[in-house]
Amino acid sequence: MKKIMLIFGTRPEAIKMCPVVKELKTRSNFKTIVCVTGQHREMLDQVLETFEIEPNYDLSIMQKNQTLFDITTNILNKIKNVLEKEKPDIVLVHGDTSTTFVTALACFYLQIPVGHVEAGLRTYDIFAPYPEEFNRQAVGIISQFNFAPTEKAKQNLLNEGKNPKSIYVTGNTVIDALKTTVHKDYSHPELDWAKDSKLIFITAHRRENLGKPMHNMFRAIRRVMNEFGDLKALYPIHMNPIVRQAADEELGNFDRIHIIDPIEVFDCHNIMARSFLILTDSGGIQEEAPSLGKPVLVMRDKTERPEGINAGTLRLVGTNEDTIYNNFKELLTDHIAYERMSKASNPYGDGHASERIANILTENL
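Numbering of residues starts from 1 in every chain and runs along the sequence as written. At least 70 in pLDDT is required for a residue's local features to be given in this predicted model, at least 80 for side-chain atom pairs to be given and counted, and no such filter applies to totals for whole chains, interfaces and linings, which use all residues. Processing note: side-chain calculations cover all non-hydrogen atoms of the structure and skip hydrogens and water entirely.

Glancing now at the overall build of the protein. What the protein contains, in helices and strands, is 16 helices and 13 strands. Radius of gyration here uses only the C-alpha atoms, and the compact-globule reference equals 2.2 Å multiplied by the residue count raised to the power 0.38. For a compact globule of 365 residues, the expected C-alpha radius of gyration is about 21 Å, and the protein comes in at 20 Å, within 12% of that figure. With respect to the three principal axes, the spread of C-alpha positions in the protein is 60 × 40 × 40 Å. With a 1.4 Å probe rolled over the protein chains alone, any residue whose accessible area is under 20% of its type maximum counts as buried; one over 50% counts as exposed, and the rest are partly exposed. Looking at the protein as a whole, 59% of its 365 residues qualify as buried. Note on definitions: a residue-residue contact is assigned when non-hydrogen atoms from the two residues lie within 4.5 Å. Long-range contacts, defined here as pairs at least 24 residues apart, represent 70% of the contacts in the protein between residues at least 6 apart. Per element, the accessible surface of the protein, about 15100 Å² overall, is 49% carbon and sulfur. Lys and Arg are tallied as positive, Asp and Glu as negative. Neither His nor the chain termini are counted. Here the site of a charge means atom NZ of a Lys, CZ of an Arg, CG of an Asp or CD of a Glu. Averaged over its 43 positive side-chain charges, the protein has a centre that lies 3 Å from the centre of its 48 negative ones. Going along the chain from the N terminus, every DSSP run of H or I of four or more residues is numbered as a helix, and every run of E of two or more is numbered as a strand. Areas reported as accessible are Shrake-Rupley estimates using a 1.4 Å probe. Residue values count occlusion only from the protein chains shown.

Written out as C-alpha cells, the structure reads:
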C-alpha cells in the first residue's frame, strides 16, 4: 500500500485540497495522511471542520505578526521530523503558498517525490503576486507530478521544459469543493440584511496591494456605493491589521457596507452564489465565482489565471481608483455587459479533478 501525505496550511489551500483528501481516503490502495502547518489558524480550522477532516499532524506554526521569514523557518524546522517519521511515497502540495514552497523544499532535501496540485499558473513576474509567483515557480522545479488545472497551465509548463509525461490536466479542485459547500436552502443574517438590494461581495488582502493600492480600491468602491442606493456590500475582512485599518479609514461609517470578521468557506461560497457582483484581489475566487455565474472585477495589476479573463468571466481592473470605479459602475448600468460576464463559460473544470488526481496516482505509483 502506497503512502500519500497531503500538506497544506492556509484557508485557500484547504478549500482546494480537502476534496482531494476525501477522494484519496476512498481508495483502498492508499494510506492517506494529512499534515497542516497552521500558516493560517482560525480560517484553516473552519475549512477542516466544514469538510470533516481531522489532520494527523498539526505543526501550529502561526504566530502574531508573523513574517515570511518566520513562516519559512518555522515550517522547515518542524516538518523534517514528520517527513522522516512517515516516509511517504509522495507528498502532495497545492498552489503557491509559503507552506507549499517550504514543504517542497523539505521534500527535495529528503528526496521525497512531490505532486503539485494546481501547477502551471504563471504571471512571470516574481513580485506579482508576491511571494506566490516565486513559490509556484520554485515548486515547479521540484515536482515530479504536475496536476495542471487547464490547458493553458499545461502549456506554461511545457514552455519551461517540463517533462510532458509529468503533466496532467485535471481541472481545478475548487470546483469539486463547490459541489460540497453550496446549498439551495442556505440562509444567513447578512443575506436577510441585503435581501432587497443588489449584494456586492468584496475581498481584499494581497501583500502587494497593501498601502496606496488598497486605499484606491476602497475609495472606488465607496464612490460607487454613494451613487447607487440599491447596493449593499459585504466585506469579510482579512485578519491583517494593515488591511483592517485601511478598510476602516475608507469604508467605515457607511451603513450599506458591512465589514465583518472572516467567514467559513461554507458561508463564503453560499453568499457568493447569492451576490450580484464580486470585487476581489484573491486568486481562488477568480475560479470559484465563474462556476457560480458571478461577474468578477479583479483588483490586481496581473493575474496568473488568464483563462477567466479570456473566457469573459473576469475583468482585470488593476488598482487605479478611476478604473475600478468605471468598471464597477458599468456593470451596474449596462445590462448586456453584465449578462455577457455572468453567462460566460467556466474554464476551470467539471468538478471531477480530485477523482482524476487519484486515478493518476493509482496508475503511476
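The criterion for strand pairing is that DSSP finds at least two bridges linking the strands in question. The parallel open sheet is built from six strands, whose spatial order is 10-9-8-11-12-13. Either end of the sheet is taken by a strand with one partner, and the two such strands are strand 10 (257-260) and strand 13 (314-316). Taking the axes of each pair of neighbouring strands and ignoring which way they run, one obtains an average angle of 20 degrees across the sheet. In the sheet, strand 8 (residues 198-203) pairs with strand 11 (residues 277-280) via four bridges, with the strands oriented parallel. Bridge pairing in strand 11 links Ile 202 to Leu 279. Orientation is described by axes fitted as lines to C-alpha atoms, over the contacting stretch for helices, and by angles from 0 to 180 degrees between their N-to-C directions.

Classification of ring pairs rests on two measures: the distance between centres of Phe, Tyr or Trp rings, Trp counted by its six-membered ring, which must be within 6.5 Å, and the angle between planes, read as stacked under 30 degrees, edge-to-face over 60 and tilted in between. Tallied over the entire structure, the rule returns nine aromatic pairs. Between Phe 145 and Phe 147, the ring centres sit 6.2 Å apart and the planes meet at 20 degrees, which makes this aromatic pair stacked. A relative accessible area of 11% means that Phe 145 is categorised as buried. With a centroid separation of 6.2 Å and 15 degrees between ring planes, the pair formed by Phe 145 and Tyr 168 is classed as stacked. Here Phe 145 is found in strand 6 (residues 145-148), whereas its partner Tyr 168 is found in strand 7 (residues 167-169), with 23 residues between them in sequence. On the accessibility criterion, Tyr 168 (18% relative accessible area) is buried. Following the ring pairs from residue to residue traces out a cluster consisting of Phe 145, Phe 147 and Tyr 168. One cation-aromatic arrangement involves Lys 198 over Phe 276; the distance from NZ or CZ to the ring centre is 4.7 Å. Our definition puts a charge over a ring when NZ of Lys or CZ of Arg is within 6 Å of the ring centre and also within 35 degrees of the ring normal. Cation over ring: Arg 223 sits above Tyr 325, and NZ or CZ is 3.9 Å from the ring centre.

Attention now moves to the packing of helix 3 (residues 68-86) against helix 4 (residues 98-110). For any two helices packed against each other, the geometry is given by the interaxial angle and the distance between the axes. Relative to each other, helix 3 and helix 4 sit at 45 degrees, their axes nearing to 9 Å. Regarding the angle of helix 3 to helix 4, the classification is oblique. For the pair helix 3 and helix 4, the sense of crossing is right-handed. Facing helix 3, whose interface residues are Leu 68, Ile 71, Thr 72, Ile 75, Leu 76, Ile 79, Lys 80, Leu 83 and Glu 84, helix 4 presents Ser 98, Thr 99, Val 102, Thr 103, Ala 106, Cys 107 and Leu 110. By the convention adopted, Pro, Cys, Tyr, Trp, Phe, Met, Ile, Leu, Val and Ala count as nonpolar, Lys, Arg, Asp and Glu as charged, and the other residues, Gly among them, as polar. Of the residues in the contact of helix 3 with helix 4, the class split is 10 nonpolar, four polar and two charged. Orientation is classified from the angle alone, with under 35 degrees giving roughly parallel, over 145 giving roughly antiparallel, 65 to 115 giving roughly perpendicular, and any other angle giving oblique. Note: crossing handedness is left-handed where the near helix turns anticlockwise from the far helix by less than a right angle, and right-handed where it turns clockwise.

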